[in-house]
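# Coordinate inspection notes
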Amino acid sequence: MYNDEEIVERIRNLLEDELQELSYDIKVRCVDGHVTISGIVDTLSEKTKIEELVRRIDGIKKLENSLTISTDGTFTDKEAEFEVINKLRDNPDLNSVGVKVEGGTAILMGTVDTAKVKRKAMETAKEAFGVKDVVSNMKVKDEGKIDDITLTNKIVEQLRNHGISNNDLNISVEDGYVRLSGFVNGRNEMEMAVEIIEDIEGVKKVRNLLKTRI
């Protein structure tokens, strides 16, 4: 198990590798395995990405993300809304998504084809200046509702077709909502599994509880 100084050093090295000069504005503190990251970033997307990177480090008991978005208080909701709309319109798959920004929170609305498109809309909104949080009120199309057993079989088949074994996976489906747990061979396989499932017709949302093998 790593001590506090080693955890901080590992975090710093990872951030420098992934973010390069942007990492210099980020402060990292660790006390008894409890990590706090602080500093200033430009967008919610950057704030989320940094948190995801830090969570890769072993030995962290708790993580507090105290990063501040630089546009906090300087962008009006209408300006932030305009930014989100422009981002969404750059992607044809997201043209059906509407947005309203209240208090810096972007509320996404509309109907999309798949859970993958839904997640893409949320990630896109996070890239907009002035957005401090993103909430989804989007719905995934439910054309010719697929029962949970058929959907589970589809998921297993698609994962197998992409070389991902379901031997160590637990796949639970309830009304189109998928709960994914168990073990995979690394972070890339984890991300691939979630993307594959989100792209299957009938899947509304994927809850990812997967772990990577040590």
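Details of the structure are given in the entry above.
So, here is what we can say about the structure in this document. (Residues numbered from 1 in each chain as written. Predicted model: local features only at pLDDT ≥ 70, side-chain atom pairs only at ≥ 80, totals over all residues. Heavy atoms only, no water.)

### Some remarks on the packing of helix 5 (residues 148–161) against helix 6 (residues 187–198)
Think of two packed helices as two axes; the pair is described by the angle between the axes and how far apart they sit. Orientation of helix 5 relative to helix 6, taken along the N-to-C sense of each, is 130°, at an axis distance of 10 Å. Relative to helix 6, the element helix 5 is oriented oblique. Crossing of helix 5 against helix 6: the hand is right-handed. Where helix 5 abuts helix 6, its residues Ile155, Gln158 and Leu159 lie against Ala193, Ile196 and Ile197. Counted by class, the contact of helix 5 with helix 6 contains five nonpolar, one polar and no charged residues. (Axes fitted to C-alpha atoms, helices over the stretch in contact; angles between N-to-C directions. Helix = DSSP H or I, 4+ residues; strand = E, 2+ residues; numbered from the N terminus. Parallel < 35°, antiparallel > 145°, perpendicular 65-115°, else oblique. Left-handed = near helix turned anticlockwise from the far one by under 90°. Contact = heavy atoms within 4.5 Å. Nonpolar A, V, L, I, M, F, W, Y, C, P; charged D, E, K, R; others polar.)

### So, the nonpolar core
Ranked by internal contacts, the top residues of the largest apolar core, which has 37 residues, are Leu15, Val35, Ile50, Val84 and Leu108. With five residues, the top contributor of residues to this core is helix 1 (residues 4–19). Membership of the second largest hydrophobic core comes to 20 residues, among which are Leu151, Val178, Ile196 and Val203. (Core = buried A, V, L, I, M, F, W, Y, C linked by side-chain atoms within 4.5 Å. Buried < 20%, exposed > 50% of the residue type's maximum accessible area, 1.4 Å probe, protein only.)

### Brief notes about unusual backbone geometry
A positive phi angle, near 55°, is found at aspartate 32, a position not held by glycine. Here aspartate 32 is to be found in the loop between strand 1 (26–31) and strand 2 (34–41). For aspartate 175, which is not a glycine, the phi torsion comes out positive at approximately 55°. Tracing the chain through its elements places aspartate 175 in the loop between strand 7 (169–174) and strand 8 (177–184).

### What to know about empty space enclosed by the protein
One simple way to see leftover space: roll a probe sized like a water molecule over the atoms. For the coordinates displayed, the defined rule picks out one cavity of 30 Å³ or more. The calculated volume of the largest cavity comes to roughly 40 Å³. Lining the largest cavity are Asp142, Lys145, Ile146, Asp148, Asp175, Gly176, Gly202 and Lys204. Counted by class, the lining of the largest cavity contains one nonpolar, two polar and five charged residues. (1 Å grid on protein atoms, 1.4 Å probe; cavity = no way out; pocket = protein on both sides within 12 Å on 5 of 7 lines; lining within 4 Å. Points joined across faces, edges and corners; volume = space filled by probe spheres on them.)

### Points about the layout of surface pockets
Approximately 1,800 Å³ is the volume attributed to the largest pocket. Around the largest pocket, the lining is made up of 50 residues, and of these Thr48, Glu52, Arg187, Glu191 and Asn208 lie nearest the centre. For the lining of the largest pocket, the elements supplying multiple residues, two or more each, are helix 1, strand 2, helix 2 (44–54), strand 3 (62–69), helix 4 (115–126), helix 6 and strand 9 (205–212). Here the element with the most residues in the lining of the largest pocket is helix 2; it accounts for eight residues. A class-by-class count of the residues in the lining of the largest pocket yields 17 nonpolar, six polar and 27 charged.

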